[in-house]
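Notes for the structure review
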Amino acid sequence: MSATNDKISINVTIDIAASTLQTIVENAKKIAGTDEKGIYRVDTAEKVNEMVSSFLKKYAFDEYVNNIENYKH
């Protein structure tokens, strides 16, 4: 890959605990709040995307994939 910060979006299946998903949904709702009708207007699937992407960036996924030893699990 080039040295630029070009990003692409990919769709993958990941395994997370049901409790983790529940926490993301609950926290996203808390942040978004309700509208005047008491309805939450938040894309929780997009919030999962944001959380996973943020985690991968924070914990240096790029460096992780550069280490060939990490492919031998």
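Report on the accompanying structure. (Residues numbered from 1 in each chain as written. Predicted model: local features only at pLDDT ≥ 70, side-chain atom pairs only at ≥ 80, totals over all residues. Heavy atoms only, no water.)

**Structural notes on the packing of aromatic side chains**
On inspection of all chains with the given rule, the structure shows two aromatic pairs. Judged by centre distance (4.8 Å) and plane angle (45°), the rings of Phe55 and Tyr59 are tilted. When its relative accessible area of 51% is taken as the criterion, Tyr59 is described as exposed. Relative to Tyr64, the ring of Phe61 has its centre 6.2 Å away and its plane inclined at 20°; by these criteria the two rings are stacked. Here Phe61 pairs with Tyr64, and both are found in helix α3 (residues 61-66), just three residues apart, close to one helical turn. Judged by relative accessible area, Phe61 falls into the partly exposed class, the value being 37%. (Phe/Tyr/Trp six-rings, centres within 6.5 Å; stacked < 30°, edge-to-face > 60°. Buried < 20%, exposed > 50% of the residue type's maximum accessible area, 1.4 Å probe, protein only. Helix = DSSP H or I, 4+ residues; strand = E, 2+ residues; numbered from the N terminus.)

**Side note on the packing of helix α1 (residues 18-32) against helix α2 (residues 44-58)**
A pair of packed helices is captured by two measures, namely the crossing angle of their axes and the spacing between those axes. At a minimum axis separation of 10 Å, α1 and α2 run at an interaxial angle of 110°. By the angle class used here, α1 and α2 are roughly perpendicular. Crossing geometry of α1 relative to α2 is assigned as right-handed. Residues Leu21, Ile24, Val25 and Ala28 of α1 lie in contact with α2, whose contacting residues are Thr44, Lys47, Val48 and Met51. The class makeup of the residues in the contact of α1 with α2 is six nonpolar, one polar and one charged. (Axes fitted to C-alpha atoms, helices over the stretch in contact; angles between N-to-C directions. Parallel < 35°, antiparallel > 145°, perpendicular 65-115°, else oblique. Left-handed = near helix turned anticlockwise from the far one by under 90°. Contact = heavy atoms within 4.5 Å. Nonpolar A, V, L, I, M, F, W, Y, C, P; charged D, E, K, R; others polar.)

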